[in-house]
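# Secondary and tertiary structure notes
Listed here are the chains, written in short residue letters.
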Amino acid sequence: MRRAVCPGSFDPITNGHLDIIARASRLYDEVYVAVMINKSKKGLFEIEERIELIREVTAEYANVRVEAFHGLLVDFCKQRDIPAIVKGLRAVSDFDYELQMAQMNIGLTGVETLFVPTNPTYSFLSSSLVKEVAAWGGDVSHLVPAPVLEALNKRLRKE
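To start, this report covers the structure provided alongside it. Per chain, residues are indexed from 1 in the order of the written sequence. Residues qualify for local features only when their pLDDT is at least 70, as the model is predicted, and side-chain atom pairs are given and counted only at 80 or more; totals for whole chains, interfaces and linings, by contrast, use all residues. Side-chain measures were taken over the full set of non-hydrogen atoms in the model, leaving aside hydrogen atoms and water.

Attention shifts here to the nonpolar core. What makes a nonpolar core is a set of buried Ala, Val, Leu, Ile, Met, Phe, Trp, Tyr and Cys residues whose side-chain atoms join them at distances within 4.5 Å. A simple rule labels every residue: compare its accessible area, found with a 1.4 Å probe on the protein chains alone, to the largest value its type can have, and call it buried under 20%, exposed over 50%, or partly exposed in between. Of all hydrophobic cores here, the largest spans 36 residues; its most connected members are Ile13 and Val86. Secondary-structure elements contributing two or more residues to this core are strand E1 (3-8), helix H1 (15-27), strand E2 (30-36), helix H2 (47-57), strand E3 (64-69), strand E4 (84-89), helix H5 (127-135) and helix H6 (146-158). Val5, Cys77, Ile82 and Ile85 belong to the second-largest nonpolar core, a separate cluster that totals 11 residues. For helices the rule is a DSSP run of H or I covering at least 4 residues; for strands it is a run of E covering at least 2, with both sets numbered from the N terminus onward.

Here it is, written out as structure tokens:
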């Protein structure tokens, strides 16, 4: 069975993330979406909320699994016998950082990293940007799946 992982914080998941996950799901038998736990950062959504939203918006992909992780991604991969990490690249600036990570990961455990160019429609998109625009009342409905938009609007009205 061919397995891969799409890692990230997904706070919140965007249409750009979803595009990469969907494309990976066509290439691999099983795709894990690994939601990073970083206790030193306070996200807009709790880890459990992110996992629930990702499961909802990836439900059409029967081969996608969603789990939280903390620590080294390569350890997550080794524990699940995952030989490949799939990462979306938006711009050359992403490549510099991601290449270093890919080289470290293959050096540590032999886990390969595959870079997938982002759909040009989403080349500017990041979770941080979505949160900022939404917080100022901007329309992000074309940037996130409907359940995420609903959760985002509900959360921002609370704060």
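Okay, the packing of H2 against H6 next. To get an axis, a line is fitted to the C-alpha atoms, and for a helix only the part in contact is used. The angle between two axes follows their N-to-C directions and goes from 0 to 180 degrees. The geometry of H2 relative to H6 is characterised by a closest axis approach of 9 Å and an angle of 150 degrees between their N-to-C directions. Comparing their axes, H6 and H2 come out roughly antiparallel. Residues Glu49, Leu53, Glu56 and Val57 of H2 form the contact with H6, whose own contacting residues are Pro147, Val148, Ala151 and Arg155. For the contact of H2 with H6, the residue count by class is 5 nonpolar, no polar and 3 charged. To sort the angles, those under 35 degrees are grouped as roughly parallel, those over 145 as roughly antiparallel, those from 65 to 115 as roughly perpendicular, and the leftovers as oblique. Residues count as neighbours in contact if any of their non-hydrogen atoms are within 4.5 Å of one another. Each residue receives one of three labels: charged for Asp, Glu, Lys and Arg, nonpolar for Ala, Val, Leu, Ile, Met, Phe, Trp, Tyr, Cys and Pro, and polar for the others, Gly being one of them.

Next up on the list: the pairing of strand E5 (residues 112-117). For two strands to count as paired, DSSP must find a minimum of two bridges between them. Sheet analysis places E4 next to E5, joined by 6 bridges and oriented parallel. Counterpart to Gly88 in the pairing with E5 is Val116. Considered for its hand, the β-α-β crossover made up of E4, helix H4 (residues 92-109) and E5 is right-handed. By convention a crossover is right-handed if, when the strands point away from the viewer, the path from the first strand over the helix to the second runs clockwise.

A side-chain nitrogen of Lys or Arg and a carboxyl oxygen of Asp or Glu constitute a salt bridge if their distance falls within 4 Å. Within the structure shown, the criterion is met by 12 salt bridges. Taking the shortest distance from any N to any O, the salt bridge between Arg3 and Asp81 comes out at 3.8 Å. Remark: Asp81 occurs in the loop between helix H3 (73-80) and E4 and Arg3 occurs in strand E1; sequence separation between them is 78 residues. For Asp81, a relative accessible area of 55% translates into the label exposed. Asp11 is the partner of Arg50 in a salt bridge, and the nearest nitrogen-oxygen pair spans 3.6 Å. Here Arg50 is found in helix H2, whereas its partner Asp11 is found in the loop between E1 and H1, with 39 residues between them in sequence. Per residue, the accessibility class of Arg50 equals that of Asp11, and both read buried. Each of the salt bridges in this network shares a partner with another, and the network as a whole consists of Arg3, Glu30, Arg65 and Asp81.

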